[in-house]
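Report on the structure
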Amino acid sequence: MKIENHLKDMPAFETERLLLRKVTRHDLDDVFEFSSDREVAQRMTWEKNDSKEETLSNFLQPTVDGYKDGQSGVWAIVYKESEKVIGTCSLVDWSNEHQKAEIGYVLNRKFWGAGIATEALQEVLNYGFGVLQLNRIECGCDLDNIGSEKVMLKAGMTFEGVLRKNERIKGEFRDTKIFSILKSEFDSATIYG
């Protein structure tokens, strides 16, 4: 079955501290909080949002619309204790033919360093390999993004190398560290939940 067919009915997941679910328009205030933070946006491909209207038109509405045809693989990361959306974790750039996808994530700076991104990433990896039957999942980060690198390594991903000046972000070409994990590696370390 094609990934986009699965994503039309994208499941929610619950971990010890988190709920991963579809993003809604009601999440606007929470998403604006982290997407308007210059330090958070600095390492992302997108510019920081200067208004809630930008957040709605640039991210929330296209994401919500994309769920209808399976083109949005974005989960809101909800911190259960406060019921606040503190980030997103997404399946992007997937290939049905090659059974692979890329994962991206962003987190409110107030929650950096608490293992939240790793907890969310583990759930999406579990879904990608256990349900979607992907063979490979990859993720990347800027050379100096040590926090993101730690998240990927904790999730069991392997550093593969550096893509030199592969993306133009905020007017400059940047190098990207690439990490990946294969289904066989994930299977040997995990029992699907």
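Structure shown above.
A short tour of the structure in this document, coming up.

Rules behind the numbers
Residues numbered from 1 in each chain as written. Predicted model: local features only at pLDDT ≥ 70, side-chain atom pairs only at ≥ 80, totals over all residues. Heavy atoms only, no water. Buried < 20%, exposed > 50% of the residue type's maximum accessible area, 1.4 Å probe, protein only. Helix = DSSP H or I, 4+ residues; strand = E, 2+ residues; numbered from the N terminus. Pairing = 2+ DSSP bridges. Axes fitted to C-alpha atoms, helices over the stretch in contact; angles between N-to-C directions. Parallel < 35°, antiparallel > 145°, perpendicular 65-115°, else oblique. Contact = heavy atoms within 4.5 Å. Nonpolar A, V, L, I, M, F, W, Y, C, P; charged D, E, K, R; others polar.

Re the pairing of strand β8 (residues 172-182)
- Among the 11 residues of β8, 8 are classified as buried, and the element is accordingly described as predominantly covered.
- Looking at chain direction, strand β6 (residues 136-142) and β8 are connected through 7 bridges and run antiparallel. By the bridge assignment, Arg136 is partnered in β8 with Leu182.
- Where strand β7 (residues 158-169) lies against β8, 8 bridges are found, and the strand directions are antiparallel.

Considerations on unusual backbone geometry
- Positive phi values are uncommon outside glycine, yet Glu83 reaches one of about 60°.
- Examined against the element boundaries, Glu83 turns out to sit in the loop between β3 (74-79) and β4 (84-95).

Let's talk about the packing of helix α2 (residues 28-35) against helix α4 (residues 52-67)
- Their axes nearest at 10 Å, the elements α2 and α4 cross at an angle of 95°. Classified by the angle their axes make, α2 and α4 are roughly perpendicular. Residues Leu28, Asp29, Val31, Phe32 and Ser35 of α2 form the contact with α4, whose participating residues are Lys52, Thr55, Leu56, Phe59 and Leu60.
- Each residue belonging to the contact of α2 with α4 can be placed in one class, and the counts come to 6 nonpolar, 2 polar and 2 charged.

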